[in-house]
Amino acid sequence: MPRWTAGKLHVDTGESLKEFAMSEEFEFDVLLSFASPERDYARAIHAIATANGLKVFFDEEFQHEVWGRNLVEYLDHTYRARGRYVVVLVSQAYVEKSYPKVERRAALDRMIEQAAEYLLPVRVDEAWIPGLPRSTAYVDLRTAGVIGVCELLVRKLKGGTGALTLPEGLNIPRVPLGTIPASQLADYLVALCQRPQVTLFGTLIYDETNVAVRRLLTRRDYWNALDTASGQHLEVFAVRDEEQYGCDVDFNAKMLTASTIPSTKDRGYYFSSLMKDYFGVDKRRINYPSFALFFVEAGKVRRCWRIPFHQASVEDTLNWLIKLFRLIDDGIASAGGPNAALGDILAKVKRLLLAAHFTLYIQSPPSDAEHAIRQLTDYVETAGVSD
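(A) Representation of helix 12 (residues 314–335) in the model. Between its terminal C-alpha atoms helix 12 stretches 32 Å, which fits the 32 Å expected from 22 residues at 1.5 Å a residue. Looking one or two residues past helix 12, glycine 336 carries a phi angle of roughly 110 degrees, positive in sign.

Pasting the structure below:
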């Protein structure tokens, strides 16, 4: 039976390489191959895969092993021989950079030597791996999200369809469009809210007229800046609201007269769908964009503030949000972190926001955190955001 040993494939007499069967002798279940701009994605995939029992090669953990060695030889050996699969985060940077080229060439050589699949592509943008057949099935990070990639990876290696274990303190980097699939986002937030400490999450509320916000959500560098500003204790995502037209009275159009039409029209109004259906506030229009900040403790939403701001350029909107997120993060830190008492966190965050002249409107979402999250993530825009 063929087996991998010391980086070389040994085949017993009479057996073909095409009969290669995976053994348990691999040092790693998964090797991660990526370019530096995708490091945050790789770090999150490594954390989740490891928490779910997979042995993962992630370069940050092997600096001691690399030190002083010929890096080209080391990478060639690693990506040719040490793992069962290699997960490649395919991007334009991955195609262009030097060391990823060494890794993918080693992986492609390994593919020639065995019949079973080895290289598992995950597309980050429109780039593709030179030399890899276009017919190769891949996962798109932009639609599957980090959790979706990990769900498939764990299922491929271990089988089963159970929920993933998400490590504490995990930060899932946002993919372009500023979101992950709504169902994954909901599962992730629900898991966070089950922790004993105070959990904060917020949502940027926009509508189809918010050109600046929609551009912000499609730019990876902008969203990365927001992700960094929000720190480790605030999860942020975006939802799209819409305005609807309503009328105070029900009437039969056939019974309208010239005298009743003007008064009926006067009673018409526009209202925010999210404010009515989610917060239970009737006849309310809101400023777009707004930011809703949720404080959760013991699985219950204890407080929710809506913080409006004015439409502005992409850069001004970005700077406004960065300022807001940093103040929230500072408030959590000054209270002693998420393990502090909820009252202390509320007081510290409120004081900083009011001192910076932010306006806080108290809202009443569903009190059960899971209900509040799943109903809110129904507003996540699933189609591509366009100007």
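(B) A look at the environment of isoleucine 328. Here isoleucine 328 shows up in helix 12. Expressed as a C-alpha distance, the spacing of isoleucine 328 and leucine 353, which sit 25 residues apart in the sequence, is 7.6 Å. The residues contacting isoleucine 328, other than those within four sequence positions of it, are Leu200, Leu234, Phe291, Leu293, Val349 and Leu353.

(C) Just the pattern of salt bridges, in detail. Counting across every chain of the model gives 14 salt bridges. A salt bridge links arginine 43 to aspartate 40; its shortest N-O distance comes to 2.9 Å. Linking arginine 43 with aspartate 40, this pair stays in helix 1 (residues 39–51), spanning three residues, or about one helical turn. A residue is classified by how much of its surface remains accessible, and aspartate 40, at 44% relative accessible area, is partly exposed. Across the pair glutamate 370 and arginine 374 runs a salt bridge whose closest N-O atoms are separated by 3.0 Å. Here glutamate 370 pairs with arginine 374, and both are found in helix 14 (residues 369–376), just four residues apart, close to one helical turn. On the basis of relative accessibility, which here comes to 37%, the residue glutamate 370 falls in the partly exposed class.

(D) Geometry of the confidence of the model for the chain. Per-residue confidence for the chain gives a mean pLDDT of 84; residues scoring 70 or more make up 85%. Within the model, pLDDT remains below 50 along residues 383–387, and this stretch shows nine contacts once partners closer than five positions in the same chain are excluded.

(E) Summary view of the packing of aromatic side chains. A complete count under the given rule lists 16 aromatic pairs for this structure. Judged by centre distance (6.4 Å) and plane angle (25 degrees), the rings of phenylalanine 201 and phenylalanine 237 are stacked. Taken together, the positions of phenylalanine 201 in strand 8 (residues 199–206) and phenylalanine 237 in strand 9 (residues 234–240) put the pair 36 residues apart, joining distant regions of the chain. By relative accessible area, which is 1% here, phenylalanine 237 ends up buried. Summarising the aromatic geometry, the rings of tyrosine 278 and phenylalanine 294 are spaced 6.5 Å apart at their centres and angled 65 degrees between planes, so their arrangement reads as edge-to-face. In this pair, tyrosine 278 sits in the loop between helix 11 (273–277) and strand 12 (290–297) while phenylalanine 294 sits in strand 12, placing the two residues 16 residues apart along the sequence. For tyrosine 278, a relative accessible area of 4% puts it in the buried group. In textbook terms, an aromatic cluster arises when at least three aromatic residues are bridged by ring pairs, as seen for Phe28, Phe57, Phe62, Tyr74 and Tyr79. When the ring centre of tyrosine 118 is taken as origin, the NZ or CZ atom of arginine 110, which lies over that ring, is 3.9 Å away. When the ring centre of phenylalanine 271 is taken as reference, the NZ or CZ atom of lysine 276 above it lies at 4.8 Å.

Thresholds applied
Residues numbered from 1 in each chain as written. Predicted model: local features only at pLDDT ≥ 70, side-chain atom pairs only at ≥ 80, totals over all residues. Heavy atoms only, no water. Helix = DSSP H or I, 4+ residues; strand = E, 2+ residues; numbered from the N terminus. Expected span 1.5 Å × (residues − 1). Contact = heavy atoms within 4.5 Å. Salt bridge = Lys/Arg side-chain N within 4 Å of Asp/Glu carboxyl O. Buried < 20%, exposed > 50% of the residue type's maximum accessible area, 1.4 Å probe, protein only. pLDDT = per-residue confidence, 0-100. Phe/Tyr/Trp six-rings, centres within 6.5 Å; stacked < 30°, edge-to-face > 60°. Lys NZ or Arg CZ within 6 Å of the ring centre and 35° of its normal.

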